[in-house]
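Descriptive structure summary
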Amino acid sequence: MSRPIRIGVQLQPQHAPRYDLIRDAVRRAEDAGVDVVFNWDHFYPLSGNPDGEHFECWTMLAAVAEQTERVQLGALVTGGGYRNPDLLADMARTVDHISGGRLILGIGAGWFQRDYDEYGYEFGTPGTRLALLKEYLVRIDARLKKLNPQPLHDIPILIGGGGEKKTLRLVAEYGNIWHTFADVDVLEHKSKILAEHCADVGTDPAGIERSVDWPGAEKARALVQAGATLFTVGSSGPDYDLSEVEAAIRWRDEQAG
């Protein structure tokens, strides 16, 4: 399956003392030509002052959906253990309608223990969090089919993570997009593992988009050869510098031209 190269930006909702700084960054990102606007689903900053300013993921996505016209949007990624999965499916359906059918439902097992401890969720172990993610994916799929009105499109499921035995199995079973942190060798290796899981469950690995963080133009071409087509640049408050995003967009356009 031939896919176009796409550029996302992850507007990290940290260190922004006012929401209008994020609103402005969303506007600038869409005007610059990004394909996807992501945020993340944490409750505290992951860099800089650990007690700095921070906003919540899904209420922000609703605002982004209302503000934008063209870009896809979603969380990179939703913490699997934070919300009742049936409620999350309903939230996703609602944001999909607000956006006119542009939502990506990104989800992962979760990893940042402070999020869990401070907000009263059970952190558990990597194994229990992955088991919960599997349960949630089943329930999300079932709830999306029951909602009235239905989502405006088949909401793509983005699954983040690289575990070969469990996470990639979930990608094969439920994912439309797989996001991982990987260099070329790792991406090629794990893509082979994913293909094996897809063969086991009867899905086409070519139907799953590969998503990675933007490594810079020099390294991006090799990742494309390894199968990656969605590259995401992170940007943090309060300034939300988009210069690297703009460089990635220029590179994307050069490949297409």
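The structure under discussion appears in the preceding block.
I will try to describe carefully the structure that is included in this document. None of the values given here were measured: they were computed from a predicted structure.

**Thoughts on the side chain of Arg-6**
Within the fold, Arg-6 resides in strand 1 (residues 6–12). Judged by relative accessible area, which is 14%, Arg-6 ranks as buried. Those residues in contact with Arg-6, other than ones at most four positions away along the chain, are Asp-35, Val-36, Gln-72, Ile-177, Glu-209, Thr-229, Leu-230, Phe-231 and Arg-252.

**Section: a negative patch on the surface**
Together, Asp-239, Asp-241, Glu-244 and Glu-246 make up a region of like negative charge exposed at the surface. Relative to the elements of secondary structure, Asp-239 occurs in the loop between strand 9 (228–236) and helix 9 (243–256). For Asp-239, a relative accessible area of 63% puts it in the exposed group.

**Let's talk about the packing of helix 6 (residues 167–174) against helix 7 (residues 184–201)**
Where helix 6 contacts helix 7, the axes come no closer than 8 Å and their chain directions differ by 50°. On the basis of their axis angle, the class for helix 6 and helix 7 is oblique. Between helix 6 and helix 7 lies a crossing of right-handed hand. Judged by residue contacts, Leu-168, Arg-169, Val-171, Ala-172 and Glu-173 of helix 6 engage Lys-190, Ile-193, Leu-194, His-197, Cys-198, Asp-200 and Val-201 from helix 7. Among the residues making up the contact of helix 6 with helix 7, the classes are represented as seven nonpolar, one polar and four charged.

**Section: the environment of Pro-13**
Mapped onto the elements, Pro-13 comes out in the loop between strand 1 and helix 1 (19–32). For Pro-13, a relative accessible area of 0% gives the class buried. Sequence spacing of Pro-13 and Asp-41 is 28 residues, and the spatial spacing of their C-alpha atoms is 8.8 Å. Here Pro-13 is in contact with Ile-22, Asn-39, Trp-40, Glu-53, His-54, Phe-55, Met-60 and Tyr-240, once residues within four sequence places are set aside.

**Comments concerning the pattern of salt bridges**
According to the stated counting rule, one finds 18 salt bridges in the structure shown. The shortest N-O distance in the salt bridge between Asp-200 and Arg-169 comes to 3.3 Å. Taken together, the positions of Asp-200 in helix 7 and Arg-169 in helix 6 put the pair 31 residues apart, joining distant regions of the chain. Asp-200 gets classed as exposed once you look at its relative accessible area, which sits at 56%. Here the salt bridges do not stand alone but share partners, grouping Asp-24, Arg-27, Arg-28 and Asp-31 into one network.

**Considerations on helix 7**
Across its 18 residues, helix 7 extends 26 Å between first and last C-alpha, which sits within 8% of the 26 Å expected from 1.5 Å per residue. Along helix 7, the residues classified as buried are Leu-187, Lys-190, Ser-191, Ile-193, Leu-194, His-197 and Cys-198. Against helix 6, strand 7 (177–179), strand 8 (209–213), helix 8 (217–225) and strand 9 lie the buried residues of helix 7. Backbone geometry just downstream of helix 7 places Gly-202 in the positive-phi region, at approximately 85°.

**So, unusual backbone geometry**
In this structure, the amide linkage connecting Asn-148 to the following residue, Pro-149, adopts the cis form with an omega of 5°. One can find Pro-149 in the loop between helix 5 (126–146) and strand 6 (157–160). For the peptide bond that leads from Gly-237 to Pro-238, omega is 5°, which places it in the cis range. With respect to the element layout, Pro-238 can be found in the loop between strand 9 and helix 9. Not every positive phi belongs to a glycine, and His-15 is a case in point at roughly 60°. Exposure remark for His-15: the relative accessible area of 14% places this residue in the buried category. Not every positive phi belongs to a glycine, and Tyr-240 is a case in point at roughly 50°.

**Regarding the pairing of strand 8**
Along strand 8, four of the five residues are buried, which leaves the element largely enclosed by surrounding structure. Bridge analysis of strand 7 against strand 8 gives three bridges, and the strand direction is parallel. Of the residues in strand 8, the one forming a bridge with Trp-178 is Arg-210. Tracing the backbone out of strand 7, into helix 7 and back to the parallel element strand 8 gives a crossover that is right-handed. With four bridges joining them, strand 8 and strand 9 adopt parallel strand pairing. Within the sheet, the bridge partner assigned to Asp-213 lies in strand 9 and is Thr-232.

Definitions and cut-offs
- Position labels on residues start from 1 in each chain and follow its written sequence.
- For a predicted model such as this one, the threshold for reporting local features is a pLDDT of at least 70, and the threshold for listing and counting side-chain atom pairs is 80 or more; totals across whole chains, interfaces and linings nevertheless cover every residue.
- Side-chain figures throughout are based on the complete set of non-hydrogen atoms in the structure, without hydrogens or water.
- The way it works is that DSSP assigns letters per residue, a run of H or I at least four long becomes a helix, a run of E at least two long becomes a strand, and they are numbered from the N terminus.
- Relative accessibility under 20% of the residue-type maximum defines a buried residue, over 50% an exposed one, and the middle range a partly exposed one, all with a 1.4 Å probe and only protein chains included.
- Any two residues whose heavy atoms approach within 4.5 Å at even a single point are treated as in contact.
- Candidate patch residues must exceed 30% relative accessible area and have no salt bridge, after which like charges are joined if within 9 Å and Val, Leu, Ile, Met, Phe, Trp or Tyr side chains if within 5 Å.
- Only the protein chains shown count as cover for residues, and the accessible areas themselves come from Shrake-Rupley with a 1.4 Å probe.
- Within this document, salt bridges are pairs made up of a side-chain nitrogen of Lys or Arg and a carboxyl oxygen of Asp or Glu, the two lying within 4 Å of each other.
- Note on charges: Lys and Arg go in the positive column, Asp and Glu in the negative column, and His and the chain ends are not counted at all.
- Where a charge lies is defined by one atom per residue type: Lys uses NZ, Arg uses CZ, Asp uses CG and Glu uses CD.
- As a rule, the C-alpha atoms of each element are fitted with a line to give its axis, helices using only the stretch in contact, and angles between N-to-C directions run from 0 to 180 degrees.
- Small angles under 35 degrees read as roughly parallel and large ones over 145 as roughly antiparallel, with 65 to 115 read as roughly perpendicular and the rest as oblique.
- For a crossing to be left-handed, the near helix must be turned anticlockwise from the far one by less than a right angle; the clockwise case is right-handed.
- When residues are grouped by polarity, Ala, Val, Leu, Ile, Met, Phe, Trp, Tyr, Cys and Pro land in nonpolar, Asp, Glu, Lys and Arg in charged, and all others, Gly among them, in polar.
- Take the number of residues in a helix, subtract one, and multiply by 1.5 Å to get its expected span.
- For two strands to be treated as a pair, DSSP must find at least two bridges joining them.
- Orienting the strands away from the viewer, one traces the path from the first strand over the helix to the second; a clockwise path indicates a right-handed crossover.

The analysis is restricted to geometry; functional conclusions fall outside its scope.
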